[in-house]
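Residues per chain are reported as follows:
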Amino acid sequence: MSAAAMITAAIPAPGWDGFHLGPVTIHAYALCIVAGMVVALWLSARRWKARGGPEGSIIDISIWAIVFGLVGARLYHVFSSPAAYFGPNFDGTGDLTKIWRVWEGGLGIWGAVALGAVGAWIACRRYGFKLSAYADVVAPAVLLAQAIGRLGNYFNQELFGGPTTLPWGLQVSADHPNFPAGALEGTLFHPTFLYEMVWNLAGVALLLLLDRRLRLRRGMMLWSYVAWYTAGRTWIEMLRIDDAEMITLFGVTQRLNVWTSLLMLLIAIGFLIYLTVTRPRTVEGRAVADSVWREGREPAVETSETSPLTGEDEKVNAVETKNIGHEAKNPE
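Since the model is a prediction, treat every value here as computed from it, not as a measurement. (Residues numbered from 1 in each chain as written. Predicted model: local features only at pLDDT ≥ 70, side-chain atom pairs only at ≥ 80, totals over all residues. Heavy atoms only, no water.)

Draft legend 1. Spatial organisation of the side chain of Ser 261. Counting through the fold element by element, Ser 261 comes out in helix α9 (residues 256-277). Setting aside residues no more than four positions away along its own chain, Ser 261 makes contact with Trp 110, Thr 230, Arg 233 and Thr 234. (Helix = DSSP H or I, 4+ residues; strand = E, 2+ residues; numbered from the N terminus. Contact = heavy atoms within 4.5 Å.)

Draft legend 2. Representation of the packing of helix α3 (residues 57-80) against helix α6 (residues 131-156) in the model. Viewed as axis vectors pointing N to C, α3 and α6 meet at an angle of 80°, and their least axial separation amounts to 12 Å. Classified by the interaxial angle, the pair formed by α3 and α6 is roughly perpendicular. Contact residues: Ile 58, Ile 61, Ser 62 and Ala 65 in α3; Tyr 134, Val 137 and Val 138 in α6. Considering only residue class, the contact of α3 with α6 consists of six nonpolar, one polar and no charged. (Axes fitted to C-alpha atoms, helices over the stretch in contact; angles between N-to-C directions. Parallel < 35°, antiparallel > 145°, perpendicular 65-115°, else oblique. Nonpolar A, V, L, I, M, F, W, Y, C, P; charged D, E, K, R; others polar.)

Draft legend 3. Spotlight on the confidence of the model for the protein. When pLDDT is averaged across the protein, the result is 86; 86% of the residues are at 70 or more. In this model residues 2-6 is a low-confidence stretch, pLDDT under 50, and it forms four contacts with partners more than four residues away in sequence or in other chains. Below pLDDT 50 for its whole length, residues 303-332 participates in four contacts with residues either more than four positions away or in separate chains. (pLDDT = per-residue confidence, 0-100.)

Draft legend 4. Just the packing of aromatic side chains, in detail. In this structure the tally under the stated criterion is 14 aromatic pairs. Ring centres of Trp 199 and Trp 228 lie 4.3 Å apart, and the angle between their planes is 15°; this geometry places the pair in the stacked category. With Trp 199 in helix α7 (residues 192-214) and Trp 228 in helix α8 (residues 220-239), this residue pair connects regions lying 29 residues apart in the sequence. For Trp 199, a relative accessible area of 22% translates into the label partly exposed. Exposure remark for Trp 228: the relative accessible area of 22% places this residue in the partly exposed category. (Phe/Tyr/Trp six-rings, centres within 6.5 Å; stacked < 30°, edge-to-face > 60°. Buried < 20%, exposed > 50% of the residue type's maximum accessible area, 1.4 Å probe, protein only.)

Draft legend 5. Inspection of the nonpolar core at higher detail. Counting residues in each nonpolar core, the largest one holds 24 residues, and the members touching the most others are Trp 110, Leu 143, Trp 223, Tyr 225, Val 226 and Tyr 229. Among the elements of the structure, α2 (28-50), α5 (109-127), α6, α7, α8 and α9 are those that each provide at least two residues to this core. The element contributing the most residues to this core is α8, with seven residues. Sequence-distant contacts of Tyr 229, defined by excluding residues within four places in its chain, comprise Ile 109, Trp 110, Leu 143, Gln 146, Arg 150, Glu 196, Trp 199 and Asn 200. In this structure, Ala 65, Cys 124, Phe 129 and Val 137 belong to the second largest nonpolar core, which totals 14 residues. (Core = buried A, V, L, I, M, F, W, Y, C linked by side-chain atoms within 4.5 Å.)

Draft legend 6. Geometry of the packing of α6 against α7. One way to put it is that α6 packs onto α7 with a least axis distance of 8 Å and a crossing angle of 165°. Here α6 lies roughly antiparallel to α7, going by the angle between them. The two elements α6 and α7 cross, and the hand of that crossing is left-handed. Between α6 and α7, the residues in contact are Pro 140, Leu 143, Leu 144, Gln 146, Ala 147, Arg 150, Asn 153 and Tyr 154 and Phe 193, Glu 196, Met 197, Asn 200, Leu 201, Gly 203, Val 204, Leu 207 and Leu 208, respectively. (Left-handed = near helix turned anticlockwise from the far one by under 90°.)

Next comes the structure, spelled out in structure tokens:
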């Protein structure tokens, strides 16, 4: 294939990255993040209702998880790619004001998961729900939000891989700050954000299918999500060429996110093995696993459609029933 033909078949560089509302700029990256959150909440609400969770409570918990998660995601990105903020080797030549410029990109999923879990734990204890039940419900939705959010990387022209001759190579504007130094204008790059987007969407479909057939409970859905995501993130991360903290382990130098993904993959596999071995075998055990409520926080269940009678009401009804029966036997 000729160079001209490859460029024609390539993914074009975006022609815009947002719009203005008066003095405020609405960035496409932010719109993708918000869209991901909205769709994730919709899917979570449907799954929560199917598990017997009270309507609206999934939103209450998720607000805590989202706020904590956004802070954690930004902190993880800043410290896993510190050069822009603190300078190379933390020499102080970076720009600390960039830490607050979230609209320019830079959210780390592991920071989001870690602090998001803290927020969810606080909310679940407050409202009386199991953290594991909440995590199992939202795990596929989080993966879906990640897929949609990856589209924002396209508009920011970031997180792409090395040069490629594949027909779906990505064009990057030569005058864009992220265009690699020394690369020739017209060079195509691996659209690694697109690879991850497709991988995540396939994961959502797989996880929902597994849950329907196997009823993943007690954290099994959460760790299945972690295993799937990290398996893909490992090889996709190796293709990326953006700045990242490099770590050498066992004589191998790789990006921090590669090592993190491998570690989390092993942890996820370990938890899945343990949860499978200890899976409840009895009807009662499965019922407890299905419940979204913490022990002792289940709502009171009424035994009839009407409100329960008080002791005095029961006495009155008993006397009236006896009198009616007596009158039926001795009509005047």
